[in-house]
Every structure is written in structure tokens, then in C-alpha cells.
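Here's the letter readout for the chains.
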Amino acid sequence: MSVERAINNMNAADHTFRAALRQHRVAPPDAGFARRLKDFADACESEQIACDYAAQEGLGWEPMPAARRLPPPELRPDSGRRGPPELWTSFDTAWDDLSKALEGLSLPAVARAFAELATLSRQLATAVAEEDAGSVGVQHG
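Reference entry: report on the structure contained in this document. (Residues numbered from 1 in each chain as written. Predicted model: local features only at pLDDT ≥ 70, side-chain atom pairs only at ≥ 80, totals over all residues. Heavy atoms only, no water.)

**A few points about the nonpolar core**
Phe17, Leu37, Phe40, Phe91 and Leu117 are the most contacted members of the largest nonpolar core, which has 37 residues in total. For this core, the secondary-structure elements that each account for two or more residues are helix H1 (3-25), helix H2 (33-56), helix H3 (85-102) and helix H4 (107-136). By residue number, the principal contributor to this core is H4, which donates 11 residues. With near-sequence residues (within four places) excluded, Phe17 lies in contact with Phe40, Ala43, Cys44, Glu47, Leu98 and Phe114. (Core = buried A, V, L, I, M, F, W, Y, C linked by side-chain atoms within 4.5 Å. Buried < 20%, exposed > 50% of the residue type's maximum accessible area, 1.4 Å probe, protein only. Helix = DSSP H or I, 4+ residues; strand = E, 2+ residues; numbered from the N terminus. Contact = heavy atoms within 4.5 Å.)

Pasting the structure below:
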């Protein structure tokens, strides 16, 4: 356990998070949406773990400048995103909470915000995958 390892973990998690965001930025409207949501959830979880570890190692957080941070186009409310509207409302709130945490001083707050986005994105991925599976064929009973 070391500060160097914590920094390396943060850099790796940031790279994974940016790659997950890129997937949503250039995504076609297709059946891969659930997988991209799961990848995003995994990336958020990696960020949360790296932030928690860095905080345990005594690292601080350098606040980002105040800005309007929009999610990638596929994850915005006006994108026609699939899944339960109530989960998307919570996702939008969690996205805003992450933006606020990134502008603050608390690394644990950043970790908590990423954890919340991971949880909601994972729930959305499951819901969208279930919707997609239900629309493939009609169940006969």
C-alpha cells in the first residue's frame, strides 16, 4: 500500500472512466446500450475504489473548476434513453452530485458520488437488458 500505488490506481480508473464515457458519446442507438451502461457502472466503481484507496493513503483532492458537466449525449434526458424513468431521474441527480463533488475538496465525497452512479448505472443496465430481452420475442404461457 503506497501513495504511488494510489496515484496509479486513480490514473487507471480515470482512463477506464473516460473510455466508458467515450462509448456513450459516439454510440449508435442499438442493443449495446445495456452493455455500455454496465461498462459505465464498472468504470464508476473503479473510480470509487481508487478514490477510497487514495483517501486511505492520505491523498487529497484538487477541486475541478466549476463547470456545467453534461453526461455524454446517450445518457442525457433528451436522448430517448431506455429504462425506468425513476432510475433515470436518480441517475441525473447522481450525475449532478458527482459534478459538485468534483468541485469540492473531499476525496471521500467524490468516491461516494461515483459509488452512487455505479449503483444506478448497474440497475439501469439490468433494466434495459430485461427490456431488450422482453422485446426479442413474445412469451407464450
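**What about the packing of aromatic side chains?**
Scanning the model with the defined rule gives seven aromatic pairs in all. On the numbers, 5.6 Å between centres and 40° between planes, the contact of Phe17 with Phe40 is tilted. In this pair, Phe17 is assigned in helix H1 and Phe40 in helix H2, connecting sequence segments 23 residues apart. Of the two residues, Phe17 and Phe40, both sit in the buried class. Connected via pairs of aromatic rings, a cluster forms that spans Phe17, Phe33, Phe40, Trp88, Phe91, Trp95 and Phe114. Over the ring of Tyr53 we find Arg5, and its NZ or CZ is 5.5 Å from the ring centre. (Phe/Tyr/Trp six-rings, centres within 6.5 Å; stacked < 30°, edge-to-face > 60°. Lys NZ or Arg CZ within 6 Å of the ring centre and 35° of its normal.)

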